[in-house]
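Residue-level listing of the chains:
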There are 4 protein chains.
Amino acid sequence: MASKAKIGVLGASGYTGAELVRLLLTHPRVEIALLTADRRANQEMREVFPQFSPYALPRLTAMADVDWLAAGLDLVFCALPHATTQKVVKLILGQVPAVKIVDLSADFRLADVAAYARWYGHEHHAPEIQGQAVYGLVEVYRRDIKRAHLVANPGCYTTCAQLPLLPLLKAKAIDPDEIVIDAKSGMTGAGRSAKEEMIFSEVSEGFHAYGVGHHRHMAELDQEFSRAAGRAVTVTFTPHLVPMNRGILATIYVRGRRGRGAEDLHALIAKAYAREPFVHVLPFRQVPQTRHVRGSNMTFVGVAPDRIDGRAIIVSALDNLTKGASGQAIQNMNLMLGFPETTGLNQAPLFP
Amino acid sequence: MASKAKIGVLGASGYTGAELVRLLLTHPRVEIALLTADRRANQEMREVFPQFSPYALPRLTAMADVDWLAAGLDLVFCALPHATTQKVVKLILGQVPAVKIVDLSADFRLADVAAYARWYGHEHHAPEIQGQAVYGLVEVYRRDIKRAHLVANPGCYTTCAQLPLLPLLKAKAIDPDEIVIDAKSGMTGAGRSAKEEMIFSEVSEGFHAYGVGHHRHMAELDQEFSRAAGRAVTVTFTPHLVPMNRGILATIYVRGRRGRGAEDLHALIAKAYAREPFVHVLPFRQVPQTRHVRGSNMTFVGVAPDRIDGRAIIVSALDNLTKGASGQAIQNMNLMLGFPETTGLNQAPLFP
Amino acid sequence: MASKAKIGVLGASGYTGAELVRLLLTHPRVEIALLTADRRANQEMREVFPQFSPYALPRLTAMADVDWLAAGLDLVFCALPHATTQKVVKLILGQVPAVKIVDLSADFRLADVAAYARWYGHEHHAPEIQGQAVYGLVEVYRRDIKRAHLVANPGCYTTCAQLPLLPLLKAKAIDPDEIVIDAKSGMTGAGRSAKEEMIFSEVSEGFHAYGVGHHRHMAELDQEFSRAAGRAVTVTFTPHLVPMNRGILATIYVRGRRGRGAEDLHALIAKAYAREPFVHVLPFRQVPQTRHVRGSNMTFVGVAPDRIDGRAIIVSALDNLTKGASGQAIQNMNLMLGFPETTGLNQAPLFP
Amino acid sequence: MASKAKIGVLGASGYTGAELVRLLLTHPRVEIALLTADRRANQEMREVFPQFSPYALPRLTAMADVDWLAAGLDLVFCALPHATTQKVVKLILGQVPAVKIVDLSADFRLADVAAYARWYGHEHHAPEIQGQAVYGLVEVYRRDIKRAHLVANPGCYTTCAQLPLLPLLKAKAIDPDEIVIDAKSGMTGAGRSAKEEMIFSEVSEGFHAYGVGHHRHMAELDQEFSRAAGRAVTVTFTPHLVPMNRGILATIYVRGRRGRGAEDLHALIAKAYAREPFVHVLPFRQVPQTRHVRGSNMTFVGVAPDRIDGRAIIVSALDNLTKGASGQAIQNMNLMLGFPETTGLNQAPLFP
């Protein structure tokens, strides 16, 4: 085997950063060469994430202290908060244009910088770079990703909703004006910041919706659903928080077009993913549970008929930190660096 | 104060039985005179539910050993499994016709015995009694309940969905053919029976849907929604299980009719419950959390606009064991025995 | 009934504050006249704790804005952070000497101000008031509490450990040099402050010890155990965090003296609490679970023999927010205001 | 690489069976050739554990239907209930003497068949085989295990307690008569059987001890501690249940001998495990959390001084399904089949 690719993780003190490190540690083709975390700079990774105590890892660095040229990185994962990434990517590409980047934030997901400004309330900080960014839903954009320098890794909710819906929209098999996505996420989706509403006793033993009627993830859904359908698509989407760490489950209500019943929709989805390593379609009428994909890069999809004729209920489940973030990011990395797509991502789910 | 009413709880070894006992213990107008539990007969309640160790309670009895005449009960709660209750109620009313009964099972909820047979797969065992049963959703049938001898206490999911939707259907304010109810319940809704799928490690740290496309609660929804709307109504309904003990949250997607927006729907609901002690409508755009009604008889309802014009998202939350079962049963008892409706039900929610 | 006593709660935005409000709302002899919360001043209580949405409660006030004379309070609960309370109590008593105070912090628990300085790292801010403070473990100091103006409400861990051990130490029935207390607490014991180590994903699905070998609660244990034993007692004490909201369980390892076996120890504890309303001793060999006292003011105690001759294992359980904090505080209030001790504290535990 | 070793898993429908399958699926030197589960015979593994849906695995077989000769297995894991294994192992070794066996039950852990009969209440069913069994605590018996045909995989609690204590007992560094082990386990340690006390609502949001004063794991501790100390050792041991899936944490109270302080004990343990791949000793005064070893084969050990002079508090943590059961079983398999010991066990912990 040739020498290993040198990888950097920016924002290694957050959950998606830790998940990247977890997966990269057993990836046979890479070495972790750089870890940054501004607020925890100069600490060891084990102080921030004790699970890594037995491992030799680079000390956490402040972004400002990185010498990008000397670092000689092949690829960088950006697991930074939204809005800061645009500037960081611009800076890095200015210094080391050859480095490849997988960005886990939302900063480069919207191709239309005007849409970005509308949803995020400020101008895009790197519009000139946006054009190079490829949207990293591998099952759809695999070919582009292989050639990309900058990949915008999709959001967790949106990956979970897109995977089952895109084949149906492309096939014009469902009414694009009657899609309701009721999504539920574990708490790691909210990150690791210390906010009152995130402390254990505010979250355990209860359930609630948030961002009702308006949530930034909608912009990403609008873009991809509209591309797939070939016309503007606006869906109803409500996120909820489940007292669990990992997992997203989307319950999706659709109406078939031109007499397509639930079984037809199931067949379409099953066919679309027949050869995909990370999308598994359950037998008709079976629906997935988030716990059965925990810690793996798998998405499970199920389809059942509604009792109302012509309607179907689709349920998809993934681990928001893995296929919903860091696992998919490594899937992108594998393509960008020319490795087999599943390298380092073959862990079976951890259940129970 | 006159002497206390004598109360029996049939099926006291289940969770709704325990919740009845919890609430009755501090109810100033009643005494617990009989507790039955066939499989735990002759045990003390503290052996079955150690939280009652400090309390003097009747020993658990087998149903077959009860002398109904000698017991001299004023009211009996049936917290028995579905399907056995019809026979039990028939037996009791045959021996002591004056006793009042609140049944927490589904056995007397469907006025149409043919519908019952269709949904439950067997003939109704007491069709001659069904006609006397009053559906116990207090906020709707208060007047009938006061005069009833037999009250069919509503289901937990259905109470949570009916309270916000009934005023809208009555006012013909929403399209009755486009209602999607995505409901999430804590585990006590599944009862206390020992099944593999209910053990801790199968339930914690995960989320899933069940009964997708077909669930018996639909029959109850059909009946009440159709009554309210004055025409046949069939809704889409999906239940899910949340890794928590108590609580139901229903996220309900509706489309306003005749230009009614979310704010109009909110106003209709708020007006309908302005004087109700156990339904609290939050300010427009705010949505409830299950944890904030835990252990209380309250239902919290919120309404927010969807980003799709003309659509609204309604969220309601209650404690499935209290307003969703035993609290509502005591609310019914209070009416049937002539007590003030809120007697014994004034506990504030237990949060955190 | 005479007019209701006017009660203030200082620090109403924390969990012990909310628990006081929960219990006071159904207490028949008091009215909540003042709620303070500096960081949430001028907000409604429902904004801070939505479970109180249906209740009329005073708006939250900043401490500095309270006019103590005009407020005309009969009793004040201080649920403020440690170290600030000494100054606050001094200020209040300076302005309204007749007001009675129950302090839920540790600020007045140590009779010896030198010990306070040693454990807390700073001089006591109100040493002249310390002498008036009565330690509020009702089962031990009931008589003094009735006459007290200032009661220092015991800590949650220490209440759980003291109740079973004090009768044994007083009777010289156990070796005071061989006591090991392994204590486990739910997360509400850590309060409501937003710290990284308290967020859901850092706490759920795991278990850990903290403060190993050194924890401030030890000072309170030392004081009360030494008083009871009539000699200096130093115990081994390790606190742990359980992924649950409420509850403390202490597993206590002791060695009987002069041939006292576990059964003798059980008899001593059972006799000591035979008439106590809030301490329930289980039958010999049975041990309690925290869930069976949830939301109630009860402490459950069990004793079992160790397999090593002469040693016993004692297990006690209480709800850290109720008997471990706010419930015990109201028990103290009842005594101080001349109400029956159990008034407003008769809720049965909430299980499941 | 030579052809892969053929592996059987008996009892594949339980949690340790599933954990074996999870780990074996990515083990490069083996193939899963046989899965048995009597009650689920003829079902697919995905029906019993949906997380394996994407994998090709043998159909579940009844034990009675296995043709041991034809199966040609190299090694069999027995993950069967206690007491049935002795007969099964006898049967298998009778038919295919060359097959190697790792037994995860307690059936072959006690070298003394009389002690077995005393603790388990019945005669040993295969005393003639017991003598061949090697106790599979790899860090202690590595040399014997390499030559063994039958390995008795240690218990989860006992592994967690033995790893830190054995080096101290061997060095006579602690008083063997004053050891208190307060252990806490996640729910998967109780297996997958459907019992009322294991359902979610009986376990979540609470904490309790069980088997107080008497627990079968003590026999295993007695045997190994006595071997290490060179004299009879009897410890105090109390197990507790934590509302979490995976993890065991043992808080161990010891007294140093001959002036050995906590720091000396820490040094002894650290030295003993300096080269062990699966035991990590934290810096002095730091203690581990179960969540930081989740899903990995690591044991983390910490030592802190008690405030009582001469006493120390040791905390060790492992994942009961991995190092506490199936991971350690595979570690044993690696040695028995001549693979590098860490093969297939290099997954980093899954946190959060």
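Details of the structure are given in the entry above.
So, how was this worked out
Residues numbered from 1 in each chain as written. Chains lettered and ligands numbered in written order. Predicted model: local features only at pLDDT ≥ 70, side-chain atom pairs only at ≥ 80, totals over all residues. Heavy atoms only, no water. Helix = DSSP H or I, 4+ residues; strand = E, 2+ residues; numbered from the N terminus. Rg over C-alpha atoms; globule rule 2.2 N^0.38 Å. Buried < 20%, exposed > 50% of the residue type's maximum accessible area, 1.4 Å probe, protein only. Areas by Shrake-Rupley, 256 points an atom, 1.4 Å probe, with all protein chains shown as cover. Lys, Arg positive; Asp, Glu negative; His and termini not counted. Charge placed at Lys NZ, Arg CZ, Asp CG, Glu CD. Least-squares fit on C-alpha atoms with pLDDT ≥ 70 in both. Contact = heavy atoms within 4.5 Å. Pairing = 2+ DSSP bridges. Axes fitted to C-alpha atoms, helices over the stretch in contact; angles between N-to-C directions. Salt bridge = Lys/Arg side-chain N within 4 Å of Asp/Glu carboxyl O. Buried area = accessible area lost by both parts, 1.4 Å probe. Polar contact = N/O pair within 3.5 Å; in protein donor to acceptor, adjacent residues only side chain to side chain. Expected span 1.5 Å × (residues − 1). Bend = angle between axes of the 7 residues up to and from the residue.

Peer 1: An account of the overall build of chain A is needed here, citing residue identities and associated values.
Peer 2: Broken down by element type, chain A carries twelve helices and 14 strands. For a compact globule of 352 residues, the expected C-alpha radius of gyration is about 20 Å, and chain A comes in at 20 Å, within 12% of that figure. Scored against the burial criterion, the 352 residues of chain A give a buried share of 67%. As presented, chain A carries roughly 11500 Å² of accessible surface, and 49% of it is formed by carbon and sulfur atoms. Within chain A, one finds 38 positive and 33 negative side-chain charges whose respective centroids are separated by 5 Å.

Peer 1: Give me the lowdown on the relation of the copies chain A and chain B, citing residues and values where you can.
Peer 2: The operation relating chain A to chain B is a screw motion whose rotation component is 180 degrees, with 0.0 Å of axial translation and a residual RMSD of 0.0 Å. Taken together, the rotation and translation relating the two chain copies correspond to the operation of a two-fold axis. Comparing contact sets, 100% of the residues at the interface of chain A also lie at the interface in chain B, consistent with an isologous, same-surface contact.

Peer 1: Go over the sheet that holds strand β9 (residues 208-209) of chain B, please, and point to the residues and values.
Peer 2: Whether parallel or antiparallel, the strands of a sheet pair through hydrogen bonds between backbone atoms. Residue and element names in this part refer to chain B. Within the open sheet, the seven strands sit side by side as β9-β10-β8-β11-β14-β13-β12. Their pairing is mixed. Every interior strand has two partners, whereas the edge strands, β9 and β12 (279-281), have only one. Bridging between β12 and strand β13 (residues 299-305) involves three bridges; their strand directions are parallel. Residue pairing across strands places valine 281 opposite valine 301, the latter belonging to β13. Most of the contacts of helix α8 (residues 156-170) go to strand β14 (residues 311-318), to which it runs at about 140 degrees, and overall it touches β8 (180-185), β10 (236-241), β11 (248-255), β12, β13 and β14.

Peer 1: Lay out the sheet that holds strand β5 (residues 100-103) of chain C in plain terms, naming residues and giving numbers.
Peer 2: All names here are of chain C. Spatially, β3-β2-β1-β4-β5-β7-β6 is the arrangement adopted by the seven strands of the open sheet, whose pairing is parallel. Strands at the two margins of the open sheet, each flanked by one partner only, are β3 (60-61) and β6 (133-135). Across three bridges, β5 lies against strand β7 (residues 150-152) in parallel orientation. Counted as the bridge partner of valine 102 is valine 151 from β7. Helix α1 (residues 15-25) contacts β1 (5-10), β2 (30-36) and β4 (75-78) of the sheet and is inclined by roughly 160 degrees relative to β2.

Peer 1: Residue-level account of the pattern of salt bridges, with values.
Peer 2: One pass over the full model with this rule turns up 76 salt bridges over all chains. Taking the shortest distance from any N to any O, the salt bridge between Lys184(C) and Asp182(D) comes out at 3.0 Å. One end of the pair, Lys184(C), is in strand β8 (residues 180-185); the other, Asp182(D), is in strand β8 (residues 180-185), on a second chain. For Lys184(C), a relative accessible area of 0% corresponds to the buried category. On the basis of relative accessibility, which here comes to 0%, the residue Asp182(D) falls in the buried class. Between Arg246(D) and Asp319(D) there is a salt bridge; the shortest N-O distance is 2.9 Å. Of this pair, Arg246(D) sits in the loop between β10 (236-241) and β11 (248-255) while Asp319(D) is found in the loop between β14 (311-318) and α12 (322-336), placing the two residues 73 residues apart along the sequence.

Peer 1: I'd like a rundown of the interface of chain A and chain B, residues and numbers included.
Peer 2: Residue-level contacts link 48 residues of chain A with 48 residues of chain B. Together, the buried faces of chain A and chain B total about 4100 Å²; carbon and sulfur atoms form 51% of this surface. For chain A, the biggest contributors to the area lost against chain B are Glu205(A), Phe207(A) and Arg307(A); these three give 20% of the whole. The interface formed by chain A and chain B includes four salt bridges. The shortest N-O distance in the salt bridge between Arg307(A) and Asp222(B) comes to 2.7 Å.

Peer 1: Explain the interface of chain C and chain D residue by residue, including any values.
Peer 2: In this assembly, 48 residues from chain C lie in contact with 48 residues from chain D. Between chain C and chain D the total buried area reaches about 4100 Å² when both faces are included, carbon and sulfur atoms providing 51% of it. Per-residue buried area on chain C facing chain D is highest for Glu205(C), Phe207(C) and Arg307(C); these three make up 20% of the total on that side. Remark: the boundary between chain C and chain D carries 34 residue pairs in polar contact (both at pLDDT 80 or more). If you list the elements that add at least two residues to the side of chain C that touches chain D, you get β8, α9 (200-203), β9 (208-209), α10 (217-229), β10 (236-241), β11 (248-255), β13 (299-305) and β14 (311-318) of chain C. With four residues, β8(C) is the largest single contributor of residues to the side of chain C that touches chain D.

Peer 1: Explain α8(B) to me, using residue names and the numbers behind them.
Peer 2: Residues and elements named next belong to chain B. With 15 residues, α8 ought to run about 21 Å at 1.5 Å a step, and its terminal C-alpha atoms sit 21 Å apart, in line with that. Maximum bend of α8: about 40 degrees, positioned at glutamine 162, with proline proline 164 one to four residues after it. Phi turns positive, to about 50 degrees, at lysine 172, one or two residues after α8.

Peer 1: Any details on the environment of Ala126(B)? Residues and values, ideally.
Peer 2: Residues and elements named next belong to chain B. For alanine 126, the position within the fold is in the loop between α5 (113-120) and α6 (127-130). Since its relative accessible area comes to 0%, alanine 126 is described here as buried. A C-alpha to C-alpha distance of 41 Å links alanine 126 and glycine 256, two positions 130 residues apart in sequence. Sequence-distant contacts of alanine 126, that is, excluding residues within four places in its chain, are made with Gln86, Lys90 and Phe108.

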